[in-house]
Amino acid sequence: MSRTAIFFATGYEEIEALTVVDILRRAGEEITMVSVTDERRVTSSHGVEVTMDKTLSEVNFDETDVIVLPGGMPGTKNLEACGALMAQVDAFVKDGRTVAAICAAPSILGHRGHLTGKKACSFPEMESQLEGAEVKREPAVIDGNIITGRGMGAAIPFGLAILEKLQGKEAAEAMAAKIVYK
């Protein structure tokens, strides 16, 4: 079992974030919802308040296998403004560990130079910020240790792509069948 941390900032997109939590927990993965502030309660871009498992200062990144960045506005900007989280994103990419981002959040990876030579997708209006990437218009893209998703409507394929990376294609296909996706 892998250990995944999904990071929530004020203004996150709830479907993009919570779909990943749901799919990975159903698959038996250990997933921790993390607030990037000192408060455990985080409010989404649509006013939905969710209580996190931990705050950023409580996360042991040495015991974390995957970082997930949900989109949403201003959630994406708030994630990118969190210096401690960005240092970990950089370290994960450098070490070949998995980083996943959906909707507007792949722009963070573009801004940091992590998409150079990679295939990636994002919310259409953010594609110009996928600096160095070969932009794809698919629901979700896995390229090495980077997983990207296009937007809220692609939350299930994005969650399944993360599951595929962690447990293999058969596990992702089985989960898709179990949740009656396609």
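In what follows, the structure referred to is the one given above.
Because the structure is a prediction, the values reported are computed rather than measured.

Moving on, we get to the overall build of the protein. If you tally the helices and strands in the protein, you get 6 helices and 11 strands. Dimensions of the protein, computed from C-alpha atoms along their principal axes, come out at roughly 40 × 35 × 35 Å. Expressed as a percentage of its 182 residues, the buried residues of the protein come to 52%. Nonlocal contacts in the protein, meaning residues at least 24 apart in sequence, comprise 59% of its contacts between residues at least 6 apart. In the protein, 19 side chains carry a positive charge and 26 a negative one; their mean positions are 3 Å apart.

A few words on the pattern of salt bridges. Inspection of the entire model under this criterion finds 9 salt bridges. In this structure, Arg 25 engages Asp 53 in a salt bridge whose closest nitrogen and oxygen atoms are separated by 3.0 Å. Taken together, the residues Arg 25 in helix 1 (residues 14-26) and Asp 53 in the loop between strand 4 (49-51) and strand 5 (54-55) connect sequence positions 28 residues apart. A residue is classified by how much of its surface remains accessible, and Arg 25, at 39% relative accessible area, is partly exposed. Take Asp 53: its relative accessible area is 31%, and that puts it in the partly exposed class.

A word on the pairing of strand 6 (residues 66-69). Residue alternation in strand 6 divides its side chains into two sets, Val 66 and Val 68 and Ile 67 and Leu 69, and both sets are buried. Pairing of strand 1 (residues 3-8) with strand 6 involves 3 bridges; the strand directions are parallel. Looking at strand 6, one finds that Ile 6 is bridged to Val 68. Looking at chain direction, strand 6 and strand 7 (residues 98-102) are connected through 4 bridges and run parallel. Each residue of the ladder has a partner; that of Val 66, found in strand 7, is Thr 98.

Every buried residue of helix 6 (residues 169-178) is accounted for by Ala 172, Met 175 and Ala 176. The arc that holds every buried residue of helix 6, seen down its axis, measures 100°, which confines them to one face. Pointing more than 90 degrees away from the buried face of helix 6 are the exposed residues Glu 170, Ala 177 and Lys 178. Buried residues in helix 6 make contact with helix 1 and helix 5 (155-167). Backbone geometry just after helix 6 places Val 180 at a positive phi near 60°.

This paragraph deals with the packing of helix 5 against helix 6. Across the interface, helix 5 lies against helix 6 with an axial gap of 7 Å and an inter-helix angle of 140°. Where helix 5 crosses over helix 6, the two elements pack in a sense that is right-handed. Within the contact between the two elements, helix 5 uses Leu 160, Leu 163, Glu 164 and Gln 167 and helix 6 uses Lys 169, Ala 171, Ala 172, Met 175 and Ala 176. For the contact of helix 5 with helix 6, the class distribution of residues is 6 nonpolar, 1 polar and 2 charged.

Moving on to the sheet that holds strand 1. Pairing is mixed in the open sheet, where 7 strands are placed in the order 5-2-1-6-7-11-10. Edge positions in the sheet fall to strand 5 and strand 10 (140-143), since each has one partner strand and no second. Judged from the 6 bridges that link them, strand 1 and strand 2 (residues 30-35) form a sheet pairing that is parallel. In the sheet register, Thr 4 faces strand 2, and the bridge partner there is Ile 31. Along the sheet face, helix 1 touches strand 1, strand 2, strand 6 and strand 7 and points at about 155° away from the line of strand 2. Contacting strand 1, strand 6, strand 7 and strand 11 (146-149), helix 3 (residues 83-94) runs over the sheet at an angle of about 130° to strand 6.

Put simply, helix 1 and helix 5 touch, their axes get as near as 9 Å, and they point 40° apart. Regarding the angle of helix 1 to helix 5, the classification is oblique. Of the two possible hands of crossing, helix 1 and helix 5 adopt the one that is right-handed. From helix 1, Ile 15, Glu 16, Thr 19, Val 20, Ile 23 and Leu 24 reach across to helix 5, where they touch Ala 155, Ile 156, Phe 158, Gly 159, Leu 160, Ile 162, Leu 163 and Leu 166. When the residues that make up the contact of helix 1 with helix 5 are grouped by side-chain class, the tally is 11 nonpolar, 2 polar and 1 charged.

Each value, and the rule that gives it
- Residues numbered from 1 in each chain as written.
- Predicted model: local features only at pLDDT ≥ 70, side-chain atom pairs only at ≥ 80, totals over all residues.
- Heavy atoms only, no water.
- Helix = DSSP H or I, 4+ residues; strand = E, 2+ residues; numbered from the N terminus.
- Buried < 20%, exposed > 50% of the residue type's maximum accessible area, 1.4 Å probe, protein only.
- Contact = heavy atoms within 4.5 Å.
- Lys, Arg positive; Asp, Glu negative; His and termini not counted.
- Charge placed at Lys NZ, Arg CZ, Asp CG, Glu CD.
- Salt bridge = Lys/Arg side-chain N within 4 Å of Asp/Glu carboxyl O.
- Pairing = 2+ DSSP bridges.
- Arc of directions from axis to C-beta.
- Axes fitted to C-alpha atoms, helices over the stretch in contact; angles between N-to-C directions.
- Left-handed = near helix turned anticlockwise from the far one by under 90°.
- Nonpolar A, V, L, I, M, F, W, Y, C, P; charged D, E, K, R; others polar.
- Parallel < 35°, antiparallel > 145°, perpendicular 65-115°, else oblique.

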